[in-house]
Amino acid sequence: MSTNGNKATLNDHEQRTAPNGIKLPIYMDNHATTPMDPRVLEEMLPYFMEKFGNAASRNHPFGWVAEEAVELSRERIAKLIGASPKEIIFTSGATESDNLAIKGVAEMYREKGNHIITAVTEHKAVLDTCKHLEKFGFRVTYLPVQKDGLIDLDDLKRTMDDKTILVTIMAANNEIGVLQPIAEIGKLCRERGVIFHTDAVQAIGKIPIDVNKMNIDVASITGHKLYGPKGAGALYVRRKNPRVQIVPLIDGGGHERGMRSGTLNVPGIVGLGKACSLAMEEMPQESVKLAGLRDHLKNSIMSRLDEVYINGSMEHRLPGNLNISFAYVEGESLLMGINDIAVSSGSACTSATLEPSYVLKALGTGDDLAHSSIRFGIGRFNTEAEVDYVADRVVETVLRLRELSPLYEMAKEGVDLKNVKWAAEAH
Amino acid sequence: MSYSDKVIDHYNNPRNVGSMDKSSADVGTGLVGAPECGDVMKLQIKVNPQTNVIEDAKFKTFGCGSAIASSSLATEWVKGKTVDQALEIKNTEIVKELALPPVKIHCSVLAEDAIRAAIGDWKKKQEATKPAAVQTVQ
């Protein structure tokens, strides 16, 4: 998904204030990235200048200070997911964590088997990594999802065989916010001795994740989806019951128990740790608040517009996520109309490939409705006044664009658009 | 992606939005694109049968801002032209006028297709309304 990118710069927008005092533009794209929490930045700042030491310097206080900070972060991250600190490996972010988990497990266990199971709605960091492994003799099963976006556990069971070494299924989807049945998947994997990796970057800090209760063996984490810094991520790698081993992607000084060499990004790691401890403290109240705002947004839009469809399960969903298709309105044109609000669309026109969202297509959403989809990602710093403003702007823009839409006119005349013979059936 | 000022202007103030009676003999309707592709344009022209001049044009478009702007511009350009002159409008001129980036060139192609389809529809109606004897002369 790419974001709304109209011509005006952020500086132009910073000057603007809506009549009710709301600062524009409004940021409501918190699945793409979250703004950093000021409390996180505050904790990071000393580690750029006065506490600049290399955490691997064992012989002087500069190194000790950095190492101490890194170890505190390791504890904080571990605590959030019920792990032990030694099971946390620092990386540069989610994409590296996913690559390290999948390639690292595949290479380590390839004598045991060559079969990997994932799902079609995974992030590209997982899908493309699996595709890469297919070129090297691995067999990958891409599980379909049901209409609500969840995988069918029976499909998973049927697909597992004695060559299956890894199941990689995300905890929460980045487009539709749908939560996969992680605990059930973990249980199935554990029973069969298959390693279970989950890309948990959208879920951690938003919903409770416990690696032991859920039988998770490897989990990807990143700082910038939970109000921490970009470029700082982690991988949880289980150390016992069972011990999971991975082959490193990056060789070098043997940092991070040999799994990820490279001098540690101390300020980033400090920020990631602080972000996790804040999430731990605030998740219970924050998730209630976000779900409330999300439901308010949904009701405010849906009570005023017809032919609006929610993509993915509302029941199994991240609290701050709403993904809606506005029939007869193309997503990019809608983004253009609400250019004082930062959200994303699954429209082909907003993607580099000119293909509509593969996630929505996997749910069985037609291409026409995939083109009409908008993802709202409500986060820690959004307010009810902002949600009201967003709902009003979306409703008025959809109404305006429907007046402009030949499809809306035809539908109102009773034409069944599915039966129309369109002049161009391809791009 | 950034939009040119002209695209933004057409998007915010689209010209000639609306519909005409598609059953009228003087009206030609072009409907091009497909919902699955994310672009559908309906362009209609009203032609003076004596002079072949396009006296009015209307459009409705489902599509991105560039698609809306391309079809809005197309209605402006065809108005006042004869049918033959309108057929000479090239998508490249639309690209130039709106400063469309390469990924949006298909929007201009669709607008050109819409003009051609509308004129084609009008011509078909003209043929149909001509006396049979005239048609067989060829």
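The structure this text deals with has already been given above.
Residues numbered from 1 in each chain as written. Chains lettered and ligands numbered in written order. Predicted model: local features only at pLDDT ≥ 70, side-chain atom pairs only at ≥ 80, totals over all residues. Heavy atoms only, no water.

### Quick notes on empty space enclosed by the protein
Residues and elements named next belong to chain A. For clarity, the cut-off: Cavities and pockets are defined on a 1 Å grid built over the protein atoms alone: a cavity is a set of grid points where a 1.4 Å probe fits but cannot escape, while a pocket is an open set with protein on both sides within 12 Å along at least five of seven lines, and lining residues are those with an atom within 4 Å of any such point. Grid points are joined across faces, edges and corners, and a volume is the space filled by probe spheres set on the points. Each residue is assigned to one class: nonpolar for Ala, Val, Leu, Ile, Met, Phe, Trp, Tyr, Cys and Pro, charged for Asp, Glu, Lys and Arg, and polar for all the others, Gly among them. Start and end points for every domain follow an automatic or database-based domain assignment.
As enumerated under the stated definition, the model contains 4 cavities of 30 Å³ or more in all. Size it by volume and the largest cavity reaches roughly 120 Å³. Around the largest cavity, the lining is made up of 15 residues, and of these Lys-206, Leu-290, Pro-319, Gly-320 and Ile-378 lie nearest the centre. In the lining of the largest cavity, the residues fall into 6 nonpolar, 7 polar and 2 charged. For the lining of the largest cavity, the two domains that each supply at least three residues are domain 1 (7-36 + 282-414) and domain 2 (39-278).

### Concerning the pattern of salt bridges
All names here are of chain A. Inclusion rule: Think of a salt bridge as a Lys or Arg side-chain nitrogen and an Asp or Glu carboxyl oxygen that are within 4 Å of each other. The numbering of helices and of strands both runs from the N terminus, where a helix is a DSSP run of H or I of at least 4 residues and a strand a run of E of at least 2. Each residue is placed in one exposure class: buried if its accessible area under a 1.4 Å probe, protein chains only, is under 20% of its type's maximum, exposed if it is over 50%, and partly exposed if it falls in between.
Evaluation of the coordinates by the stated rule reveals 39 salt bridges over all chains. The salt bridge partner of Asp-37 is Arg-39, with a shortest N-O separation of 2.8 Å. With a shortest N-O distance of 2.7 Å, Arg-76 and Glu-43 are connected by a salt bridge. Of this pair, Arg-76 sits in helix α3 (residues 61-81) while Glu-43 is found in helix α2 (residues 38-44), placing the two residues 33 residues apart along the sequence. Residue Glu-43 is classed as partly exposed on the basis of its relative accessible area of 23%.

### Let's talk about the sheet that holds strand β8 (residues 218-222) of chain A
All names here are of chain A. Where we set the bar: Two strands qualify as a pair provided that DSSP identifies no fewer than 2 bridges between them. Axes here refer to lines fitted to C-alpha atoms; in helices the fit is confined to the stretch in contact. Angles between the N-to-C directions go from 0 to 180 degrees.
If you trace the 7 strands from one edge of the open sheet to the other, you get β3-β9-β8-β7-β6-β4-β5, paired in mixed fashion. Strand pairing shows two members of the sheet lacking a second neighbour, β3 (88-91) and β5 (139-143), which therefore form its edges. Geometrically, the sheet is characterised by an average inter-axis angle of 20 degrees between neighbouring strands, direction not taken into account. Of the pairings in the sheet, the one linking strand β6 (residues 164-168) to strand β7 (residues 195-199) comprises 3 bridges and is parallel in character.

### A few points about the sheet that holds strand β2 (residues 39-47) of chain B
All names here are of chain B. In plain terms, the rule: Working rule for contacts: check all heavy atoms of both residues, and any pair within 4.5 Å makes them a contact.
Spatial strand order, β1-β2-β3: 3 strands in an open sheet with antiparallel pairing. The open sheet has two edge strands, β1 (27-34) and β3 (54-62), and neither has a second partner. On average, each strand axis in the sheet is inclined to that of its neighbour by 10 degrees, with strand direction left out of account. Strand direction decides the pairing type here: β2 and β3, joined by 8 bridges, are antiparallel. Bridge pairing in β3 links Lys-46 to Asp-56. Lying over the sheet, helix α5 (residues 105-129) contacts β1 and β2, oriented at roughly 145 degrees with respect to β1.

### Details of the environment of Ala-232 of chain A
Residue and element names in this part refer to chain A. Assignment of secondary structure puts Ala-232 in the loop between β8 and β9 (233-237). Note on Ala-232: relative accessible area 1%, which makes it buried. In this structure, the C-alpha to C-alpha distance between Ala-232 and Leu-272, residues 40 residues apart in sequence, is 6.5 Å. Setting aside anything within four residues of it in sequence, one finds Ala-232 in contact with Thr-91, Ser-92, Gly-93, Thr-222, Gly-223, Asn-265, Gly-268, Ile-269 and Leu-272.

### A short note on the interface of chain A and chain B
This is how the line gets drawn: What counts as buried area is the accessible surface, traced by a 1.4 Å probe, that two parts surrender upon association, with contributions from both included. Throughout this description, a polar contact denotes any pair of N or O atoms lying within 3.5 Å of each other; where both atoms belong to protein, one of them has to be capable of donating a hydrogen while the other can accept it, and for residues adjacent in sequence the pair is counted only when both atoms sit in side chains.
Listed per partner, the contact involves 33 residues of chain A and 32 residues of chain B. For the pairing of chain A and chain B, the buried interface totals around 2,800 Å² over both sides, and the portion due to carbon and sulfur atoms is 62%. Connecting chain A to chain B are 4 salt bridges. The partner of Lys-104 of chain B in a salt bridge is Glu-332 of chain A, and the shortest N-O contact between them spans 2.7 Å. Counting every contact that joins chain A to chain B gives 14 residue pairs in polar contact (both at pLDDT 80 or more). When residues of the side of chain A that touches chain B are traced back to their parent elements, those giving at least two are α9 (331-337), α11 (367-371), α12 (384-403) and α13 (406-412) of chain A.

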